[in-house]
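Residues per chain are reported as follows:
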Amino acid sequence: MSQKKLSRLAIHPEVLKKLNGSGIHNAQDFLDCSELQVMAIADLDFITTQSLFELVSESASPRIHSAAHIFAARLSKIAFLPLRLPSLDHVLGGGLSRGTLSEIVGPAGVGKTQLCLMLTAVTGLAETMGGLGEGTGVLFFDTESKFSAQRLVEIAQAQASSWYGAGTPSDLSPRPSTSDHFEAVDFDGGYGTPEHGIATARVVELLERTHVISVDSSADLLQRLDSLETILIEQRIGLIVIDSIADLVRKDAASKSSSVSHSKRPKHSDSQHESQAHVQSHLISIAATLKKLADIFHLVVLITNQVTGNYQLDGRKGSDDDEINSHSQAPAQLTLISGSSNNLAMFSQTSTPSSIPPSIALGANVVPALGNSWHHCVSTRLVLEQFPTHRTMTISKSPIATKSSCQF
């Protein structure tokens, strides 16, 4: 709570401007100052300064609540974003939980990004429709340039009748326009009938409340997370997606390796160890920041992760560092998982939950990337796999659910 922005407190705008102008932006910055320093910076009398210190101190102090209060507060809000797989949603208590970190793991091409887009599309639906409330926004961190606005539109168009109670939206293919503003684009076909107009307007709204941020390193992501509070409030964000965390680690490792190769340091093992420690530190910081934001703003946080081989070439079990370094080579090790996710628009469950056979969980030699340290950072882990005739989604970790799996 020491990093709470002063702009979120009931401080007079002129006082806040003077404090910010002196580099005092959060509670920690403020409480590091003496009363005399604040009086001089903000031109306040002693009594007013004391009151300001009490306000900031109270905001920075952890609040103590009874378990009954926490339980009642949880019940009073929509606490889950359904996966739309009824059996897994039931086992999970309703779906992906707000206030925690959820992870979807799987090999390349299995449909992780597709799942993220589907949940992005449903987030702004009414609670009765399985969303988080009309007008709720989504913040999508795209690390692999895989976000597709066109695919998001296709998902919404395909479900228009059930989601919006209206006909199929008009064609949303934009004509050439010099404007960067979405609402100014002239769409082919106009709004057509009133029913089509309603659906089209809702799809346009979906695109407008989906905010995409491209990041190319874990340091970049961490920096952006540290300055999210304003957009979370102004855009009513309910879902944060990071697709994918493993790609950032791969880029970090490649960047570090490149810098080391151009240096004159003789001990490669030492530099490799330092690089791995640096990556782990960033991952833990990212997870801690996401957990704080999820808790404060009651967010659903969904992170995608890749897979890696679990054994070294000599047959020994790999360590966390091995998994960080080798996960980008995982697709070559997957022999039982194949196929494309291009035709996956909405899930249609074909089986009920069952116990996970020992052979499931991506195969004996393939595990989620990033190791045990990252494993402990997420509350819920879902494993997505594809077989010749179907996909499976498996709950491999959850604080409330048993290990279950379903086909779709």
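Use the structure listed above.
Now for a look at the structure at hand.

Quick notes on the rules
- Residues numbered from 1 in each chain as written.
- Predicted model: local features only at pLDDT ≥ 70, side-chain atom pairs only at ≥ 80, totals over all residues.
- Heavy atoms only, no water.
- Buried < 20%, exposed > 50% of the residue type's maximum accessible area, 1.4 Å probe, protein only.
- Helix = DSSP H or I, 4+ residues; strand = E, 2+ residues; numbered from the N terminus.
- Pairing = 2+ DSSP bridges.
- Salt bridge = Lys/Arg side-chain N within 4 Å of Asp/Glu carboxyl O.
- Axes fitted to C-alpha atoms, helices over the stretch in contact; angles between N-to-C directions.
- Parallel < 35°, antiparallel > 145°, perpendicular 65-115°, else oblique.
- Left-handed = near helix turned anticlockwise from the far one by under 90°.
- Contact = heavy atoms within 4.5 Å.
- Nonpolar A, V, L, I, M, F, W, Y, C, P; charged D, E, K, R; others polar.
- Core = buried A, V, L, I, M, F, W, Y, C linked by side-chain atoms within 4.5 Å.

This part covers the pairing of strand β4 (residues 137-142). Within β4, 6 of the 6 residues are buried, which leaves the element mostly enclosed by the surrounding structure. Here β4 shows no split at all, with G137, L139 and F141 on one side and V138, F140 and D142 on the other all buried. As judged from the 5 bridges shared by β4 and strand β5 (residues 210-214), these two strands associate in the parallel manner. Residue pairing for β5: V138 is matched across the bridge by T210.

Let us look at the pattern of salt bridges. Tallied over the full model, the rule gives 8 salt bridges. E144 serves as the salt-bridge partner of K146, at 4.0 Å between the closest nitrogen and oxygen. Here the salt bridges share partners, and the residues they tie into one network are D247, R250 and K251.

In this section: the packing of helix α3 (residues 35-42) against helix α4 (residues 46-60). Across the interface, α3 lies against α4 with an axial gap of 10 Å and an inter-helix angle of 110°. On the basis of their axis angle, the class for α3 and α4 is roughly perpendicular. Note on packing geometry: the crossing formed by α3 with α4 is right-handed. On α4, the residues that touch E35, V38 and M39 of α3 are F46, T49, Q50, L52 and F53. Within the contact of α3 with α4, the residues separate by chemical class into 5 nonpolar, 2 polar and 1 charged.

Our focus in this paragraph is unusual backbone geometry. Residue D243 is joined to S244 through a cis peptide bond whose omega torsion reads 5°. Its location among the elements puts S244 in the loop between β6 (237-243) and α13 (245-261). Positioned with a positive phi, L370 is a non-glycine residue whose angle comes to about 85°. As for its placement among the helices and strands, L370 is situated in the loop between β9 (366-368) and α16 (371-375). Residue classification places L370 among the buried residues on the basis of a relative accessible area of 0%.

So, on to the nonpolar core. Ranked by internal contacts, the top residues of the largest apolar core, which has 43 residues, are L83, L119, W163, Y164, L239, L382 and M393. Here this core takes 7 residues from helix α7 (residues 112-123), the largest share from any one element. Sequence-distant contacts of L119, defined by excluding residues within four places in its chain, comprise L81, P82, L83, L96, L239 and L302. Grouped together as the second largest cluster of nonpolar side chains are 32 residues, I240, V249, F297 and I303 included.

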